[in-house]
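Topology and contacts: notes
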Amino acid sequence: MATKTSSLTLFVSILLFIGAIFSTHFLYSPFDNSTTGYSPRKTILTPVTRHNRPDATPAVSKQPLKKLEIQLNCTLGNLTRTCPASYYPLKFTEQNEASTSSPLPPTCPDYFRWIYDDLWHWRETGITKEMVMRAKRTADFRLVIVNGRAYVETYHKAFQSRDTFTLWGILQMLRRYPGKVPDLDLMFDCVDWPVLKTEFYRHPKAPAPPPLFRYCGNDSSLDIVFPDWSFWGWPEINIKPWETLSKDLKKGNEKMKWTDREPYAYWKGNPAVAETRRDLLKCNVSEKQDWNARVYAQDWVQEEKQGYKKSDLASQCIHRYKIYVEGSAWSVSEKYILACDSVTLLIKPQYYDFYTRGLMPLQHYWPVKDKDKCRSIKHAVDWGNTHEQEAQAIGKAASDFIQEQLKMDYVYDYMFHLLSEYAKLLKYKPTVPRKAVELCSEAMACPAEGLTKKFMLESMVEGPSDAIPCNMPPPFGPAGLHSILDRKENSIKQVDSWEQQYWKNKSKLQRRF
């Protein structure tokens, strides 16, 4: 009898165990029948949640939408010179818009504030079509954006591939932020030096200045500053796109500690383009004098023949100090020099580009006199070699600025905000010029060859960004701007004072012996 009872108990236990398994299976079912039909779930151990209960908290995590990629279609042969009918999304997709679960976009770097300053001259008058057309006199091309599509009318072929890669960069920005760039109409001049002289527009009866975009400006001009072509590559001298090159420079920094580097100031470039560069050559070491500078003339024709073996920028971070000197105007080399962890010895510049107005002397660089270069460089290197900790901090602050605040995300955001603020000033609705041709990535990249094609493909934006642009900081107030300018001036005066005392001490020492 006891045996029968035990067997019965065992049988009931087995039934209960099997029932529990089936109950669990239906509770954590791989099918959700809360909607019509069955939809398979990826995770079968997710409890079914009934959404008709207002107090219910969904336990199913929302799957992120797949990032949209816009493939380059070069299968149409020569027809790729004509843009396809539909090659961009019509608008920023749902996954790109800010949501409650997404963090707020960061505030843009402070140098974005200069956008307001560059556009200040049209704040009251706005920009008419007549103003834009007056800028045609020196412009290389006219760019019109209508409904997110780009059209260009070319007036002159720019030097080398400046216009090509500038337009390529704008197209990539449109791919990154489709539908968010407003309609606009602008003139672009690819020549180095600014041409809109402030003095011509100061008197009461002067017309409003024509808006003209270019790569640099100065304190006596009104040209609107825009990121230069080299951010997407410079094939003529084998300069890679910035996204790639900035990573190479960061790796190059890590190969040699600052204290192990050559304790001299280094520069290599083309001296033929400017008198200030030819003057710099006088600072090179000689049998009679060592100014602590190691200066080299770059022959780009010979370098091209040798396959650019001696011009790899990532391999040139082997000196404690690197010299920046302007060419015919500002030079694209500045960002490569600042990125090196070396102390940048910045020979007093006349020009600025879009980000350099955010740099501070003694924080990001050491200021050097233009009219007394050799003595200034000698003092700077001697100071750094006797104040190693402070010198290293200056070099590191500069490279951090370049790596963090000049990454391509911010380059695109600067372009986006500048063009958006500019478009707000237009007092007419842009239309496509009769002689303009439409531009798209296919029309530019598919027919391209050699390094031009390589750099285009390397720098191509794959699709819409998964984040909205950074938030624009407010414009400078009078007090804030005055404080920044005073700080720069005082830092330069401090260096001048140290330099004067340095040479007085040198002179006393020489008289003693």
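Higher on the page you've got the structure.
A few points on the structure.

Quick notes on the rules
- Residues numbered from 1 in each chain as written.
- Predicted model: local features only at pLDDT ≥ 70, side-chain atom pairs only at ≥ 80, totals over all residues.
- Heavy atoms only, no water.
- Helix = DSSP H or I, 4+ residues; strand = E, 2+ residues; numbered from the N terminus.
- Buried < 20%, exposed > 50% of the residue type's maximum accessible area, 1.4 Å probe, protein only.
- Contact = heavy atoms within 4.5 Å.
- Areas by Shrake-Rupley, 256 points an atom, 1.4 Å probe, with all protein chains shown as cover.
- 1 Å grid on protein atoms, 1.4 Å probe; cavity = no way out; pocket = protein on both sides within 12 Å on 5 of 7 lines; lining within 4 Å.
- Points joined across faces, edges and corners; volume = space filled by probe spheres on them.
- Nonpolar A, V, L, I, M, F, W, Y, C, P; charged D, E, K, R; others polar.
- Disulfide = S-S within 2.5 Å.
- Expected span 1.5 Å × (residues − 1).

This paragraph deals with the overall build of the chain. When helices and strands are counted, the chain shows 14 helices and 13 strands. In the chain, buried positions account for 48% of the 513 residues. Considering only contacts within the chain whose residues lie at least 6 apart along the sequence, 75% involve residues at least 24 apart. When the accessible area of the chain is evaluated, it comes to approximately 27,700 Å², of which 55% is carbon and sulfur surface.

What follows deals with unusual backbone geometry. One non-glycine residue, Q160, adopts positive backbone phi at about 50 degrees. Within the fold, Q160 resides in the loop between β4 (149–154) and α4 (162–176). Since its relative accessible area comes to 28%, Q160 is described here as partly exposed. The phi dihedral of N292 is positive, around 65 degrees, even though this residue is not glycine.

Moving on, we get to the layout of surface pockets. Rolled over the atoms, a probe sized like a water molecule indicates the empty space that remains. As a volume, the largest pocket reaches approximately 1,400 Å³. The wall of the largest pocket is formed by 42 residues, among which D219, Y352, R357, L485 and K488 lie closest to the centre. Sorting the residues of the lining of the largest pocket by element identifies α2 (114–118), β12 (366–368) and α14 (478–512) as the ones contributing at least two each. Counting residues per element, the lining of the largest pocket draws most heavily on α14, at nine residues. Partitioned by chemical class, the residues of the lining of the largest pocket number 19 nonpolar, eight polar and 15 charged.

Using the criterion set out here, one finds four disulfides in the structure. Between the sulfur of C108 and that of C470 lies a disulfide, 2.1 Å long from S to S. On the sign convention where negative is left-handed, the bridge of C108 and C470, at about 100 degrees about the S-S bond, is right-handed. On the criterion of sequence distance, the pair formed by C108 in the loop between β2 (39–40) and α2 and C470 in the loop between α13 (450–459) and α14 is long-range, its members being 362 residues apart. Of the two residues examined, C108 and C470, each falls in the buried class. Across the disulfide, C283 is cross-linked to C374 (sulfur-sulfur distance 2.2 Å). Note on the C283 and C374 pair: the S-S dihedral is about -90 degrees, so by sign convention the disulfide is left-handed.

A rise of 1.5 Å per residue sets the reference length of α4, with its 15 residues, at 21 Å; its end C-alpha atoms lie 21 Å apart and thus fit the reference within 8%. In terms of burial, α4 is a largely internal element, 14 of the 15 residues being buried.

Okay, the environment of W498 next. Relative to the helices and strands, W498 is located in helix α14. With relative accessibility at 32%, the residue W498 sits in the partly exposed group. Distance in space between the C-alpha atoms of W498 and W383 is 9.1 Å, their sequence separation being 115 residues. What W498 contacts, discounting residues up to four positions off in sequence, is L362, W366, H379 and W383.

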